[in-house]
Amino acid sequence: MTDTDVIIAGAGPAGLMLANELRLAGVRPLVLERQPRRRDTPKAGGLGGQILELLRYRGLLERFEAACTDPVPAPRFPFGGVHLDFTQLADPPMHALPLPQPRLERLLDERAGELGVDIRRGHQVVEVSQDDAAVSVDVRGPDGPYRISARYLVGCDGARSQVRDRVGIPFPGTVYPEVNRLAQVTLPETVTITGDGDLDVPGFGTIRAGFTRTAHGLFGVGASPASRVVSLYTIEDESTEYDDDTPMTVAELQDSLHRVLGVQLPVGEPIRLSRFTFKACQAERYRHGRVLLAGDAAHLFPATGVALNAGMLDAVNLAWKLAADIHGWAPTGLLDTYHGERHLAGARTLLHTRAQVALRRGHDPAAEALREVFSELLADEQPLRRMGALVAGADIRYPMPGPDQHPLAGTFAPDLTLHTDQGTTSVAELMHSARPILLDLADRPDLREAARDWRHRVDVHTAKTDDRPADALLIRPDVHVAWAATTDEPAGTAAPSLGKALAGWFGTP
């Protein structure tokens, strides 16, 4: 007998998202966080990419948007020293919310409280052991050490994951000798912000908006004449090891600005100060017996703006599979698909972030030529959209079993407008409860009959939609299409195929 269903090490965004998804699936998670209270230092300044769509499908996006006090920025994102500029597109493939990580964690924490998640702060995992039936964790808490057991343990405890180290999962990769410093600060009146967002600094002259490469690093600035708040960014080659728990100071920022620019840039009050190094690492496996990894414990990317997206999507993919196993109906191999699918997604994110390293770290004329050619390619809509989907994590197609898969199989389900006997709804609204659904779009009694024995696990809906992409869609709790029937597919092939997919993903009835 175990003390709880799942122990989650780490109450960052990935750990909290996992806990919330597990509760939606009827599982008891226990979250252990070594820090005694939530951090005030923002490691990340916002959310971006496919996780925003997932939050919308859960009915949570409006809550997150309401917590944004800063205006939502124009869809223009840095990419290795150039930019992906979607401002001319009516439907950009990439969006972002300016939501500093402490505020994001507070929202996830509040949601966890609503769902009844047990979170223990100031409790650190120090040792892990497991057998075929359970995993045991030795914990150092405020009142002393104790041991607790669960069916599974998930390490969401960051780049220096104790969980990953304790079970011996290798974490190979590359450490880049550079330090990045990012700040939002006010500027004194002595610094003029021009209409183009340039800075006019006394004794120095004009600093152009965007990125400026110097002999000592890279400087970036984003400013608006309507506000005295600016974003400042420096990159320096440096081999110093920094403790993530030691916050950056204004003095450290000013010293970095001076080294990169060669001038003292006066700054006022800090709003956000963060420092990070760049590593490209990925755990060799995301599962070791009853121990799994998610978030920064599973992967580190050498570019900003993608880690939260990837880690929280890890959590959504993992939660329903863990729940299926704990509830006793998971088909053989279901939990192993977590590694197969999310390791693929992590490798895809490593691909484009490593490409960004190559683009931004070169300082010679050849590197400048590469950035110029790349910028010219991004002036065309098709490659711009392709790169946007890549960075957003929206181009992932998980491998699905069986031959001749429908083009939608393995992709994030489209948010179709659905007309039913009860009124108009959408795929996003149907996914709020995080239950799998079979969507009958062609009034196919044969498919509804094939799914009848799974109705206790799979919700079946009949609806009509404009521009029907398939006769039916089987959608997993993580909003990916597990199976689709082609338009007018014969009952003799569609119904058996659906039955096999239902059994493959949701077990025997």
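Residues numbered from 1 in each chain as written. Predicted model: local features only at pLDDT ≥ 70, side-chain atom pairs only at ≥ 80, totals over all residues. Heavy atoms only, no water.

Chemist: Just to check I follow, could you spell out the environment of Asp118 for this structure?
Modeler: Take Asp118: it is sitting in strand 7 (residues 118–121). Accessibility expressed as a relative area gives 35% for Asp118, which makes it partly exposed. Along the backbone, Asp118 and Leu32 are 86 residues apart, and their C-alpha atoms lie at a distance of 8.8 Å. Not counting residues within four places of it along the chain, the set of residues in contact with Asp118 comprises Pro29, Leu30 and Val31. (Helix = DSSP H or I, 4+ residues; strand = E, 2+ residues; numbered from the N terminus. Buried < 20%, exposed > 50% of the residue type's maximum accessible area, 1.4 Å probe, protein only. Contact = heavy atoms within 4.5 Å.)

Chemist: Can you walk me through the pairing of strand 9 (residues 135–141) in this structure?
Modeler: Put simply, side chains in a regular strand alternate between the two faces of the sheet. Of the two faces of strand 9, the one lined by Val135, Val137, Val139 and Gly141 is fully buried and the one lined by Ser136, Asp138 and Arg140 carries no buried residue. Where strand 8 (residues 124–130) and strand 9 come together, six bridges link them in antiparallel fashion. When the sheet's bridge partners are listed, Gln124 is paired in strand 9 with Arg140. Taking the residues between adjacent antiparallel strands as the criterion, strand 8 and strand 9 are bridged by four residues. Bridge count for strand 9 against strand 10 (residues 144–155) is seven bridges, and the pairing is antiparallel. In the strand pairing of strand 10, Ser136 is matched with Ser149. Connecting strand 9 to the antiparallel partner strand 10 that follows it, the hairpin turn spans two residues. (Pairing = 2+ DSSP bridges.)

Chemist: Sorry, what's going on with the sheet that holds strand 16 (residues 217–222) here?
Modeler: Whether parallel or antiparallel, the strands of a sheet pair through hydrogen bonds between backbone atoms. One open sheet holds the six strands; their spatial order is 15-16-17-11-18-21, and the pairing between them is antiparallel. The open sheet terminates on both sides in strands that have one partner only, identified here as strand 15 (210–214) and strand 21 (299–300). The sheet contacts of helix 8 (residues 336–361) involve strand 11 (173–186), strand 15, strand 17 (229–237), strand 18 (270–282) and strand 21, and relative to strand 18 the element is tilted by about 110°. (Axes fitted to C-alpha atoms, helices over the stretch in contact; angles between N-to-C directions.)

Chemist: Teacher, can you tell me more about the sheet that holds strand 12 (residues 192–193) here?
Modeler: Here we have three strands laid out as an open sheet, ordered 12-13-14, and antiparallel in their pairing. The open sheet is flanked by strand 12 and strand 14 (205–207), the only strands paired with a single partner. Bridge count for strand 12 against strand 13 (residues 199–201) is two bridges, and the pairing is antiparallel. Counterpart to Thr192 in the pairing with strand 13 is Asp200.

Chemist: Is there a simple way to explain the nonpolar core in this structure?
Modeler: It is characteristic of soluble globular proteins that their nonpolar side chains tend to be buried jointly. Ranked by internal contacts, the top residues of the largest apolar core, which has 91 residues, are Phe64 and Leu473. Among the elements that line this core, the one with the most residues is helix 7 (residues 307–327), at 10 residues. Discounting residues that sit within four places of it in the chain, Leu473 has contacts with Leu408, Leu416, Ile437, Leu438, Leu439, Leu441, Val481, Trp483 and Ala484. (Core = buried A, V, L, I, M, F, W, Y, C linked by side-chain atoms within 4.5 Å.)

Chemist: How should the pairing of strand 2 (residues 29–33) be read in this particular structure?
Modeler: Of all five residues in strand 2, five are buried, a share of seventy percent or more. The alternating pattern of strand 2 places Pro29, Val31 and Glu33 and Leu30 and Leu32 on opposite faces, both of which are buried. Here strand 1 (residues 4–9) pairs with strand 2 via four bridges, running parallel. By the bridge assignment for strand 2, Ile8 is matched with Val31. What joins strand 1 to strand 2 is helix 1 (residues 13–24), and the crossover it makes is right-handed. With four bridges connecting them, strand 2 and strand 7 associate as parallel partners. Note on strand 7: the bridge partner recorded for Glu33 is Arg121. (Right-handed = clockwise from strand over helix to strand, strands pointing away.)

Chemist: Quick question: what am I supposed to make of the side chain of Thr353 here?
Modeler: Mapped onto the elements, Thr353 comes out in helix 8. Using a relative accessible area of 0% as the deciding quantity, one classes Thr353 as buried. Not counting the four nearest positions on each side in its chain, Thr353 is found in contact with Phe301, Pro302, Ala303 and Val306.

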